[in-house]
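Residue strings, one per chain:
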Amino acid sequence: MSSKLADRIAAAKAEGRAALIAYLPVGYPTVEGSIAAMVAAVEGGADIVEVGVPYSDPGMDGPVIQQAVDVAVRAGVGMRDALRAVEAVAAAGAVPVVMSYWNPIERYGVERFAGDLAAAGGAGAITPDLIPDEAGAWLAAAERADLDRVFLVAPSSTDARLVSTTAACRGFVYAASTMGVTGTRATVSDAAEKLVARTRAAAPDLAVCVGLGVSNGDQAAEVAAFADGVIVGSAFVRCVLDAEDEAAGAAATRRLAGELAAGVRRHESAPA
Amino acid sequence: MTTTSPPQPGADLQPARPSWPDATGHFGIFGGRFVPEALIAALDQLTEAYEAMRTDPAFLEEFARLQRDYTGRPSPITEVPKFARHAGGARVLLKREDLNHTGSHKINNVLGQALLTKRIGKTRVIAETGAGQHGVATATAAALMGLSCTVYMGEEDTRRQALNVARMRLLGAEVIPVTTGSRTLKDAINEAFRDWVTNVETTNYVFGTVAGPHPFPEMVRDFQRVIGDEARAQVLEREGRLPDAVLACVGGGSNAIGIFTAFVPDEGVRLIGLEAGGDGLETGRHAATITGGTPGVLHGARSYLLQDDNGQTIESHSISAGLDYPGVGPEHSYLHDIGRAEYRAITDAEAMEAFALLCRTEGIIPAIESAHALAGALKVGEELGPDALLLVNLSGRGDKDVETASRWFGLGDREDVDPGPGLDTEQQPTEGAVAAGDAVAGQEAGETA
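Residues numbered from 1 in each chain as written. Chains lettered and ligands numbered in written order. Predicted model: local features only at pLDDT ≥ 70, side-chain atom pairs only at ≥ 80, totals over all residues. Heavy atoms only, no water.

On to the pattern of salt bridges, then. All names here are of chain B. According to the stated counting rule, one finds 54 salt bridges over all chains in the structure shown. As a salt-bridge pair, Asp 98 and Arg 96 come within 2.8 Å of each other at their nearest N and O atoms. With relative accessibility at 3%, the residue Asp 98 sits in the buried group. Measuring nitrogen to oxygen at the nearest pair gives 2.9 Å for the salt bridge that ties Asp 229 to Arg 225. We classify Asp 229 as buried; its relative accessible area is 12%. Counted as one network, the salt bridges with shared partners bring together Arg 17, Glu 51, Arg 54, Glu 218, Arg 221, Asp 222 and Glu 331. (Salt bridge = Lys/Arg side-chain N within 4 Å of Asp/Glu carboxyl O. Buried < 20%, exposed > 50% of the residue type's maximum accessible area, 1.4 Å probe, protein only.)

Let's shift gears to the environment of B:Val269. Residue and element names in this part refer to chain B. Summarising the element assignment, Val 269 is placed in the loop between helix H11 (254-260) and strand S10 (270-278). Overall, Val 269 belongs to the buried group, its relative accessible area being 2%. In sequence terms Val 269 and Asp 244 are 25 residues apart; their C-alpha atoms lie 5.0 Å from each other. When residues no more than four places from it in sequence are discounted, the contact partners of Val 269 are Leu 242, Pro 243, Asp 244, Ala 245, Val 246, Phe 263 and Arg 340. (Helix = DSSP H or I, 4+ residues; strand = E, 2+ residues; numbered from the N terminus. Contact = heavy atoms within 4.5 Å.)

This next bit is on the UniProt feature "domain: Tryptophan synthase beta chain-like PALP" (unreviewed entry) in chain B. Under the feature "domain: Tryptophan synthase beta chain-like PALP" (unreviewed entry), the UniProt entry names residues 72-396 of chain B. What you have in residues 72-396 of chain B is 42% helix and 21% strand, and the ends, taken at the C-alpha atoms, are 14 Å apart. (UniProt positions renumbered as here; feature names shortened; annotations may be inferred.)

Residues and elements named next belong to chain A. At their nearest, the axes of helix H3 (residues 63-74) and helix H11 (residues 234-242) sit 9 Å apart, and the two run at 50 degrees to each other. As judged from the angle between their axes, H3 and H11 are oblique. Handedness of the crossing formed by H3 with H11: left-handed. Facing Val 64, Ile 65, Gln 67 and Ala 68 of H3, the residues of H11 in contact are Ser 234, Val 237, Arg 238 and Leu 241. Class assignment of the residues belonging to the contact of H3 with H11 gives a composition of five nonpolar, two polar and one charged. (Axes fitted to C-alpha atoms, helices over the stretch in contact; angles between N-to-C directions. Parallel < 35°, antiparallel > 145°, perpendicular 65-115°, else oblique. Left-handed = near helix turned anticlockwise from the far one by under 90°. Nonpolar A, V, L, I, M, F, W, Y, C, P; charged D, E, K, R; others polar.)

A separate point is the nonpolar core. Ranked by size, the top nonpolar core spans 167 residues in total, and within it A:Trp138, A:Phe172, A:Tyr174 and B:Trp196 carry the most contacts. What B:Trp196 contacts, discounting residues up to four positions off in sequence, is B:Leu39, B:Ala42, B:Leu43, B:Leu46, B:Ile126, B:Thr203, B:Asn204, B:Tyr205 and B:Phe216. In terms of nonpolar packing, the next biggest core, distinct from the first, is built from 39 residues, B:Val80, B:Ile319, B:Met352 and B:Ala405 among them. (Core = buried A, V, L, I, M, F, W, Y, C linked by side-chain atoms within 4.5 Å.)

Here the UniProt-annotated "active site" (unreviewed entry) positions come out as A:Glu50 and A:Asp61. With respect to the helices, strands and loops of the structure, A:Glu50 is situated in strand S2 (residues 48-52). Along the polypeptide, A:Asp61 turns up in the loop between S2 and H3. Residue classification places A:Asp61 among the buried positions, given a relative accessible area of 8%. Non-local contacts of A:Asp61, meaning those with residues more than four positions away in its chain, are made with A:Gln66, A:Tyr101, A:Val181, A:Thr182 and B:Arg194.

For the rest of this paragraph, the subject is the packing of aromatic side chains. Scanning the model with the defined rule gives 15 aromatic pairs over all chains in all. Every member of this aromatic cluster is reached through a ring pair, and the members are B:Phe193, B:Trp196, B:Tyr205, B:Phe207 and B:Phe216. The lysine or arginine in question, A:Arg112, covers the ring of A:Tyr108, its NZ or CZ lying 3.7 Å from the ring centre. (Phe/Tyr/Trp six-rings, centres within 6.5 Å; stacked < 30°, edge-to-face > 60°. Lys NZ or Arg CZ within 6 Å of the ring centre and 35° of its normal.)

This part is about unusual backbone geometry. The omega angle of the peptide bond from A:Tyr28 to A:Pro29 is -5 degrees, so this bond is cis rather than trans. With respect to the helices, strands and loops of the structure, A:Pro29 is situated in the loop between strand S1 (19-25) and helix H2 (31-44). At the junction of B:His214 and B:Pro215, the peptide bond is cis and its omega measures out at 15 degrees in the coordinates. Structurally, B:Pro215 can be placed in the loop between strand S8 (203-205) and helix H9 (216-224). Positive phi outside glycine occurs at A:Leu212, with the angle close to 85 degrees. One can find A:Leu212 in the loop between strand S8 (208-211) and helix H10 (217-224). Positive phi, normally seen in glycine, also occurs at B:Thr102, with a value near 80 degrees. Within the secondary structure, B:Thr102 sits in the loop between strand S4 (91-96) and helix H4 (106-119). What makes B:Thr102 buried here is its relative accessible area of 4%.

Our focus in this paragraph is the packing of helix H2 (residues 57-71) of chain B against H4(B). Residues and elements named next belong to chain B. Direction vectors running N to C along H2 and H4 enclose 140 degrees, while the axes themselves pass 10 Å from each other. Put simply, H2 runs oblique to H4. Every pair of crossing elements has a handedness; the one defined by H2 and H4 is right-handed. Each of Phe 59, Glu 62, Phe 63, Leu 66, Gln 67, Tyr 70 and Thr 71 in H2 lies in contact with H4, whose residues at this interface are Ile 107, Asn 108, Leu 111, Gly 112, Leu 115 and Arg 119. Looking at side-chain class alone, the contact of H2 with H4 contains seven nonpolar, four polar and two charged residues.

Here we come to the domain arrangement of chain B. All names here are of chain B. For chain B, the assigned domains are domain 1 (27-71 + 106-213) and domain 2 (77-102 + 217-409). Per-residue buried area on domain 1 facing domain 2 is highest for Phe 27, Phe 30 and Val 210; these three make up 20% of the total on that side. Where domain 1 packs against domain 2, one counts zero salt bridges. At the junction of domain 1 and domain 2, the tally comes to 13 residue pairs in polar contact (both at pLDDT 80 or more). (Domains from an automatic or database assignment. Buried area = accessible area lost by both parts, 1.4 Å probe. Polar contact = N/O pair within 3.5 Å; in protein donor to acceptor, adjacent residues only side chain to side chain.)

Residue and element names in this part refer to chain B. The six strands are arranged S3-S4-S14-S9-S10-S13 in an open sheet whose pairing can be described as mixed. Two strands in the sheet have a free side with no partner beyond their single neighbour: strand S3 (77-79) and strand S13 (341-347). Ignoring which end each strand starts from, the neighbouring axes of this sheet average 30 degrees apart. When S3 meets S4, the two strands line up antiparallel, connected through three bridges. Note that in S4 the partner of Glu 79 across the bridge is Leu 93. Sheet strands in contact with helix H10 (residues 226-239) are S3, S4 and strand S14 (389-394), and its direction is about 140 degrees off that of S4. The strands that helix H13 (residues 330-337) touches are strand S9 (245-250) and S13; relative to S13, the one it contacts most, it runs at about 110 degrees. (Pairing = 2+ DSSP bridges.)

Turning our eyes to something else, we now look at the interface of chain B and chain A. How big an interface is tends to be stated in terms of accessible area lost as the parts join. Chain B puts 34 residues into the contact, and the matching count from chain A is 35 residues. Together chain B and chain A conceal approximately 2700 Å² of surface at their shared face, both sides included; 44% is due to carbon and sulfur atoms. Broken down residue by residue, the surface that chain B buries against chain A is led by B:Glu37, B:Arg194 and B:Gln312, which jointly contribute 25%. Viewed at the interface, chain A and chain B are joined by four salt bridges. Put simply, A:Arg107 and B:Asp309 hold a salt bridge, and the shortest N to O gap is 3.9 Å.

Put into structure tokens, the structure is as follows:
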């Protein structure tokens, strides 16, 4: 009964740094191409890979991720492909966690998803449009399969919701740093550090990882100074979108992961 | 049977309020909140403000005044005997929501939500729109109440409902064509949610139908139930009895919930929702969510929806932009599962036949959305026979659909084309006239006007 996500974040902390978490959607530009990019992110230094399940109505995502995911949806990429990516990420040595809007999981079957994800070596799932209030079936299935469940908190979350949401999390809690959708931003919002502090106060023993808007090594270093993990999505997707072919996409992904991995190590402190 | 007081729009938002949803917005297994955490605070704020407002005498008075003096409520009931001749001789009564200011039932909900927006101190409203009726209504209420307004509309819909785009812009709203996904209502809702999560400090999302996360399905129902509250009292007053069936078209389902709610306790009254069957259920090109879909989660709530094996939303198809939506309100999903309401699909061709029939027999041009309910009445009337009394929600008028109808009937291509059945019994079905017109014109032979 141990959390793969919490263990990996703790290992990074023991090195005096934050963990690097990379998001990439399965199926862009192809299933194989996306898996190659995920493996490249691991080779570049990602500790954890969020394996994105394509969804037709990604209400929390900005244009970059929408564009990539739309291609995958139209190609019929689904949960089975995501589970294959999970296996590949685990084999590459990082911790895979599925990132999925709720309907693809519900359609696949919650119990079946939990069982298959555990069998594939996945740590658990991040569910951006599932709040703990609606997550009864998932929490039960995850508990049975010994999986992590990561919910989101936002700057608008009340203190009471920070308490109830973090209580339902295992692995880490995803702090959405700004009010808005995914996408790269020039600066990391001031709201992020404040949200992390409020979240820690609500749940001192839970790792807090920050996502939304981080795209380069400087921003990663900045966030690493106050968070347990730095989540980067759109910037990785951009590497693949802008590449001429899959090999170039993987190379760009590896380079970005390297820059970000250096970023989270820039202010290494004494091992905790 | 319960009794209803005479129509007093807004005097009380919930006479005999249904026992659903529960406190967290669930209609059985349907409804709830499937949204990013970032929106929960705003939804909680809306829920609390709405709960306080709906029993506040000052609000109720203001809401009633607007409905009376601005919308023109109560809307009348019109009997349509010449149309009804094609409905197995059943009597057909229309609830005339088409006569409301802005031309549809959408204004009922929007005035309530605009007042709520002011109450919670926000200065900007956003809305999604399919046919444009909700967008026009929101732009209207925003102009009236001094709110800034942005409307998201699928690019495909901005083309087929160009008139409404112009109306919204005249009213001072910004209309943003949405170019993602299927470029229709579902994608407009996605964009509106993205706007909302980004600008929630200043912005309220005026949701147009009884779908979406709690509290929208319940709140929009409460604002729309005036349709059925009025109609029930009006039918009782003029007929001394309740109708045998109440019919309404269902896209998201707000006009249907609006007219159904007052009749839900009347077990002898059949509630029939007409979904958009598009090219026919068997073609897969339709928007009949309950008839042809499965339960899942879309746009913040669990409901029936059109989805594939991967849980991806399937693009819907309908001649009617307002019904062209792959989801449906959770309360309809629930009414279906408990057997209180029944849902059927009406094809584009059937709807257009009924559209033409009402134009020619009664001098009323209905919205193509509402024509689906009219087509349902033609079928249900045949089934129930001459003594049946049918109440149909004429949810909107068809001005916006003139171009679509002209194209459907080929009116632009030649002169003196028969656009469908008329009262003129001398008239013979024209060679090459639309199939829909032929079918009805055939039935009409030998009848006298």
